[in-house]
Amino acid sequence: MAASRLPPGTLTLKQFMRRQQVLLLYRRILQAIRQVPNDSDRKYLKDWAREEFKRNKSATEEDTIRMMITQGNMQLKELEKALALAKS
């Protein structure tokens, strides 16, 4: 009954939570990229991240979104490992 009173474009709780996961991943990737010492590499990675998220913006299938979040987290870990090695 309550769902019928919501506007048509309202996200479900599951969609809202998934959206928050995506936004958190995006912020964490950008924070990691800020630590890249080389300006041109930093710009390349920032542009790459922005384009990947824009390209997949219209994804709606739950399994696809979950898979992309998992892949993004793995790529973030790899970037963080590379940055840690570069600092040592």
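What comes next is a walk through the structure. (Residues numbered from 1 in each chain as written. Predicted model: local features only at pLDDT ≥ 70, side-chain atom pairs only at ≥ 80, totals over all residues. Heavy atoms only, no water.)

### Quick word on the pattern of salt bridges
What the rule picks out here adds up to 8 salt bridges. Here R50 makes a salt bridge to D47, at a shortest N to O gap of 3.8 Å. One end of the pair, R50, and the other, D47, are both in helix α2 (residues 39-55), 3 residues apart, so they sit about a helical turn from each other. By relative accessible area, which is 29% here, D47 ends up partly exposed. Among the charged side chains, a salt-bridge network with shared partners connects R18, E62, D63 and R66. (Salt bridge = Lys/Arg side-chain N within 4 Å of Asp/Glu carboxyl O. Helix = DSSP H or I, 4+ residues; strand = E, 2+ residues; numbered from the N terminus. Buried < 20%, exposed > 50% of the residue type's maximum accessible area, 1.4 Å probe, protein only.)

### Focus: the packing of helix α1 (residues 13-33) against α2
What describes two packed helices is the angle between their axes and the distance between those same axes. Viewed as axis vectors pointing N to C, α1 and α2 meet at an angle of 170°, and their least axial separation amounts to 10 Å. One finds that α1 runs roughly antiparallel with respect to α2. Contacts between α1 and α2 pair V22, L25, Y26, I29, L30 and I33 from the former with R42, L45, K46, A49, R50 and F53 from the latter. Residues of the contact of α1 with α2, tallied by class, amount to 9 nonpolar, no polar and 3 charged. (Axes fitted to C-alpha atoms, helices over the stretch in contact; angles between N-to-C directions. Parallel < 35°, antiparallel > 145°, perpendicular 65-115°, else oblique. Contact = heavy atoms within 4.5 Å. Nonpolar A, V, L, I, M, F, W, Y, C, P; charged D, E, K, R; others polar.)

### Here's the deal with the layout of surface pockets
In this model, the largest pocket occupies a volume close to 890 Å³. Together, 25 residues line the largest pocket, and V22, F53, N56, K57 and I65 are the ones closest to its centre. For the lining of the largest pocket, the secondary structure elements donating two or more residues are α1, α2 and α3 (62-87). Looking at the lining of the largest pocket element by element, the count peaks at 8 residues for α1. Within the lining of the largest pocket, the residues separate by chemical class into 13 nonpolar, 6 polar and 6 charged. (1 Å grid on protein atoms, 1.4 Å probe; cavity = no way out; pocket = protein on both sides within 12 Å on 5 of 7 lines; lining within 4 Å. Points joined across faces, edges and corners; volume = space filled by probe spheres on them.)

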